[in-house]
Amino acid sequence: MATTTQVRQRGRPAHTAGRTRLAYTPDGTKLVTVGSNNFARVFRTNSDGEPTNIDDISEDNLAVAATNTFFVTGSEDGTVSKFSFDTMSFEKFLIRSTLPIRDLALSPNGRWCAVASDELVVKIVDTSDTSSVMYLRDLPKPIKHLSFDPSGKYIALSGTNGIVYIYSLVNNEPELMREVDGLIRSVEADSETSSKIVWHPDGRAFAAPTATRDIQVMSRNDWENQRTFANGHMGDVTVVAWSPNGAMLATAGKDRKIMLWETKTQRVIATYDYANVIDMAWHPTNNIFSFTNSDGEVYIYNEFVPAEHSHFAKLGLQSAPFIHDPLIDASANVWRPLVNGHKDVPHRAARQESPDSLADLLGSEIMADEDDFVVDDDGAGYAIGLNANGKRPNGGTNPYGESLSKRRTTQVWGPQYHESFQPGATPWRGNRKYLCLNLIGFVWTVDQDTHNTVTVEFYDHEFNRDLHFTDTFLYDKACLNEKGTLFSCPVNGETPASLFYRPHETWTTRADWRIQLPKGEDVTAISLSESFITVTTTADYVRIYTLFGVPYRVYRQKSSPSVTCASWRDYVLTIGNGPVGPDGNTMLLYTIQNIRRDEICQNEDTVALPDGTILKSVFFSDNGDPCIYDSTGTLLTLLHWRVPSQAVWVPLLDTKLLDRLASGRKTETYYPVAVADNKFHCIILKGGDQYPYFPRPLLSEFEFHIPLSTWPKRDSQNESALEEGDELKKLESDYVLKSVLTAQQQDLIDSTKSSHTQRNALQKMELEIDKALIQMMAVECREGEERGMRALEIVTLMRDRTGRMIEAAGKVAERYGRTVLGEKIREIGEERLTSGIGED
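Residues numbered from 1 in each chain as written. Predicted model: local features only at pLDDT ≥ 70, side-chain atom pairs only at ≥ 80, totals over all residues. Heavy atoms only, no water.

We now examine the environment of Ser 420. Within the secondary structure, Ser 420 sits in the loop between helix H3 (364-368) and strand E30 (432-437). Residues Ser 420 and Ile 575, spaced 155 residues apart in sequence, show a C-alpha to C-alpha distance of 9.3 Å. (Helix = DSSP H or I, 4+ residues; strand = E, 2+ residues; numbered from the N terminus.)

Let's shift gears to the sheet that holds strand E36 (residues 498-503). Note on sheets: strands pair through backbone hydrogen bonds, and any given pair is parallel or antiparallel. One open sheet accounts for four strands, arranged E34-E35-E36-E37; its pairing is antiparallel. Edge positions in the sheet fall to strand E34 (477-480) and strand E37 (513-516), since each of these pairs with one other strand and no more. Ignoring which end each strand starts from, the neighbouring axes of this sheet average 15° apart. Examined bridge by bridge, strand E35 (residues 484-489) and E36 share six bridges and lie antiparallel to one another. Residue Phe 487 lies in a different strand from E36, and its bridge partner there is Phe 500. (Pairing = 2+ DSSP bridges. Axes fitted to C-alpha atoms, helices over the stretch in contact; angles between N-to-C directions.)

Within strand E31 (residues 441-447), seven of the seven residues are buried, leaving the element largely enclosed by the surrounding structure. Here E30 folds back onto E31 in antiparallel fashion, the turn holding three residues. Linking E31 back to strand E32 (residues 452-458) in an antiparallel pair, the connection comprises four residues, with Asp 449 at a positive phi of about 70°. (Buried < 20%, exposed > 50% of the residue type's maximum accessible area, 1.4 Å probe, protein only.)

Okay, the sheet that holds strand E50 (residues 668-676) next. With respect to topology, three strands assemble into an open sheet ordered E50-E51-E52, the strand pairing being antiparallel. Only two strands of the sheet have a single partner each, and these edge strands are E50 and strand E52 (700-703). The average angle at which neighbouring strand axes cross in this sheet is 40°, direction not considered. Where strand E51 (residues 679-686) lies against E52, four bridges are found, and the strand directions are antiparallel. Residue pairing for E52: Lys 679 is matched across the bridge by Glu 703.

Think of two packed helices as two axes; the pair is described by the angle between the axes and how far apart they sit. Running from N to C, helix H6 (residues 788-796) and helix H8 (residues 819-835) cross one another at 20°; their axes reach a closest spacing of 10 Å. Judged by the inter-axis angle, H6 sits roughly parallel to H8. In this structure, H6 meets H8 at a crossing whose hand is right-handed. Each of Gly 788, Ala 791, Leu 792, Val 795 and Thr 796 in H6 lies in contact with H8, whose residues at this interface are Leu 821, Lys 824, Ile 825, Ile 828 and Arg 832. When its residues are assigned to classes, the contact of H6 with H8 shows six nonpolar, two polar and two charged. (Parallel < 35°, antiparallel > 145°, perpendicular 65-115°, else oblique. Left-handed = near helix turned anticlockwise from the far one by under 90°. Contact = heavy atoms within 4.5 Å. Nonpolar A, V, L, I, M, F, W, Y, C, P; charged D, E, K, R; others polar.)

All right, on to the confidence of the model for the protein then. On average, residues of the protein score 86 in pLDDT, and 86% of them are at 70 or above. The low-confidence segment residues 334-384, where pLDDT is below 50, has 39 contacts with residues more than four positions distant or belonging to other chains. Across residues 395-410, confidence stays below pLDDT 50; counting only partners more than four residues off in sequence or on other chains, it has 14 contacts. (pLDDT = per-residue confidence, 0-100.)

Our next topic: the nonpolar core. Leu 773, Met 777, Val 795, Met 798, Leu 821 and Ile 825 are the most contacted members of the largest nonpolar core, which has 24 residues in total. Mapped onto this core, the elements with two or more residues apiece are helix H4 (719-751), helix H5 (756-783), H6, helix H7 (804-815) and H8. Examining the composition of this core, we find that eight residues originate from one element, H5, more than from any other. Residue contacts for Leu 821: discarding those within four places in its chain leaves Cys 781, Gly 788, Ala 791, Leu 792 and Ala 813. With 22 residues, the next largest nonpolar core counts Ala 241, Ala 252, Val 277 and Phe 312 among its residues. (Core = buried A, V, L, I, M, F, W, Y, C linked by side-chain atoms within 4.5 Å.)

This next bit is on H7. Because the α-helix completes a turn every 3.6 residues, residues three or four places apart line up on one side. End to end, H7 covers 17 Å across twelve residues, agreeing with the expected 16 Å (1.5 Å per residue, within 8%). Three or more residues of H7 are buried, namely Met 805, Ile 806, Ala 809, Gly 810, Val 812 and Ala 813. Looking straight down H7, one finds its buried side chains confined to an arc of 160°; they lie on one side. In H7, the exposed positions angled more than 90 degrees off the buried face are occupied by Arg 804, Lys 811, Glu 814 and Arg 815. Elements in contact with the buried residues of H7: H5, H6 and H8. One or two residues past the end of H7 sits Gly 817, with phi positive at roughly 75°. (Expected span 1.5 Å × (residues − 1). Arc of directions from axis to C-beta.)

Let us now look at the packing of H5 against H6. Between H5 and H6, the least distance of the axes is 9 Å, while the angle of their chain directions is 170°. It follows that H5 is roughly antiparallel to H6 by the angle criterion. Of the residues in H6, those in contact with Leu 773, Met 776, Met 777 and Glu 780 of H5 are Arg 790, Ala 791, Ile 794 and Val 795. When grouped by side-chain class, the residues that make up the contact of H5 with H6 number six nonpolar, no polar and two charged.

On the surface, Leu 439, Tyr 459 and Leu 699 cluster together into a nonpolar patch covering about 210 Å² of accessible area. Accessibility expressed as a relative area gives 32% for Leu 439, which makes it partly exposed. (Patch = residues over 30% accessible without salt bridge, like charges linked within 9 Å, V, L, I, M, F, W, Y side chains within 5 Å. Areas by Shrake-Rupley, 256 points an atom, 1.4 Å probe, with all protein chains shown as cover. Salt bridge = Lys/Arg side-chain N within 4 Å of Asp/Glu carboxyl O.)

On to unusual backbone geometry. The linkage connecting Ser 560 with the following residue, Pro 561, adopts the cis geometry, with an omega of 0°. Turning to its location among the elements, Pro 561 is positioned in the loop between strand E41 (551-556) and strand E42 (562-568). Look at the link from Phe 694 to Pro 695: it is a cis peptide, with omega at 0°. With respect to the secondary-structure elements, Pro 695 resides in the loop between E51 and E52. Here Asn 46, not a glycine, exhibits a phi torsion of approximately 60°, which is positive. Inspection of the secondary structure assignment puts Asn 46 in the loop between strand E5 (40-44) and strand E6 (52-54).

For Asp 540, the location among the structural elements is in the loop between strand E39 (532-537) and strand E40 (541-546). Although Asp 540 lies buried, it forms no salt bridge, and the closest oppositely charged side chain, Arg 556, sits 5.6 Å away as judged by the N-O distance. Polar contacts involving the side chain of Asp 540 include one to the side chain of Ser 560, which spans 3.5 Å. Not counting residues up to four positions away in its chain, the partners in contact with Asp 540 are Tyr 555, Arg 556, Gln 557, Ser 560, Pro 561 and Ser 562. (Lys, Arg positive; Asp, Glu negative; His and termini not counted. Polar contact = N/O pair within 3.5 Å; in protein donor to acceptor, adjacent residues only side chain to side chain.)

Okay, here's the thing in structure tokens:
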């Protein structure tokens, strides 16, 4: 429950009646105020003396910002002035504007001063070199407020049109990153109502007052709304300020209230009755809070946080109030190995001197004169005293006062492990996340604070009905196929992790089931096939269940910690961290086995990823071939995976080489969903997004295109030559792709009870390969006689056993007048008829 303070502070007259602004120096030693008259006042912290007046400044000052050495003011006459704390006097004009200044902000290092005025441009001027200015132009309406983030890399502008503009200042030229509409309200430039963006001290989120008089927190990572400080003020909010450690939030409004909120719970912990509050600031280190009003008064409130909540002010830097903190979600998937040299060693008292130490042998009187034979008479710090053990330190101390030694270095190397992930799932974004995305449908969950709501939606409603239910177990992973939906929830306090399976069809009263994992064991990934359920856990176990919950097999994964898994029919693919590569990252190892036959197809083989590349997804195609998609945008499939030690990763598509990206003007990435019908099904992501979000995006599909070479640029002078080259490259790509798909079909037929349809499909695929080769040979014949040897080589690659395709190749050669080539083709045909094909 909120507490109301009974002791009312008395305001100090600082300026004449009018809006009064204030700012603390970063070290907290000084507080600067400006107002409607023509002087500034500098108050010293913990001093009862009169403040220092700095005269001869402009009247009607509307903004002030300070560093440890100087402060700047912005006035209604359009001037921005710089004043020195050393001389307590005017130093220089930083910049001028033709219209009134509305707000100022200094970068954390004090180098840049951002200026907002009634002009349609924001100026960012170098405080030491006024000739260096950055301009933020093309603003449709004036900017009322601006603020730097704690790192100084970004600046947020609050427009009078109710739009927030986020600019990146990493490069020399500012770059507009985001326009946020709907967060703040439209406010006139001279209004006392605030729409200012206030960055949380950890820099990952910011807060702003909304039109409903709430304080909304938004993430800088995905620009989604997070927690809300709601139901506080009855009037418009005039100012918002985070505490230095981010543990509390102070707000003031036109309802004559100052409210103190706890960040973690968004709960009001104190309320103060003060009217007309215009500006406020926390002391950087002490429990002191200062604020000003429109009557020209300044309040310096010692012990502002009530005693029962004073522990909040003593905390370290706290996290911004996320609905789901991405750092916590990511850390839950990180395996933390023990590192040599960082064990928990019990505290030991100072070691006593040994009885035969040099001090005992020579006597303390003799050694006393030798302890400090180098006298640090000039304070340079090169003479090091004795430590608590009576010994001279070895190597001195580091900047944190910790002793350095040869036996323990300050930095211990450790390998970088690949984090575990669930294929087809996305991280939390706001209060929503996708648990599963595939061609059957999609599963998503919404955080309702006390519980979640889960929705299962299908693309084809003819066979299945959508499902919506209240989730009290907080499921964070899901799998969906034609037979059912599988969920898993993490460990929650004393409640162990569990699995929940719900079939789509049943002929019994109740067919869903739930299984709890052993205590302390959490789920890292799950997969669902037509036959089995596969679960990988933090204990490096692979647990196999039947579709109705019968434990089928449990074994410990060789490569650990586990990363992910996938399954198709009786086959299970598991991936884990393996040995450390040359770049310090662990290599990923995969294993494929047939669970029902208890056969291992591939045992701890390497996942083919370049250095520094991250595995994004793994799944089986509709034909049952393993596929992976990595952070380079490359889709690969596994060839000959049913034969032990014969598997190879073959690229099917490099999305960076798509025609839609050839111009270079379009920037987009692709979220993998499935491989079906010999096409890559994905979701197109734009605007720098890494994962899809709501509303549910549409699926896109791309034809396979094996990367063989770079396509040449168009030129009107040699257009015809390029067309022939493009035709040949396309035919070459088709030949390689069809060869890969044919090999996969051949493996499927050799390893399963193939049907007549499958065997006919293989014959047609081989015929398509030969057609592509004939087309390639025709291009070579058209190029000239000098390309005859390449054309003949192409003929030798044909797979036809009847001789018809060889005969067709001879006719193509005769058509282009390649007599010699035609004779050699007939020789190859005769040789094949007599000796067969495929012999060494």
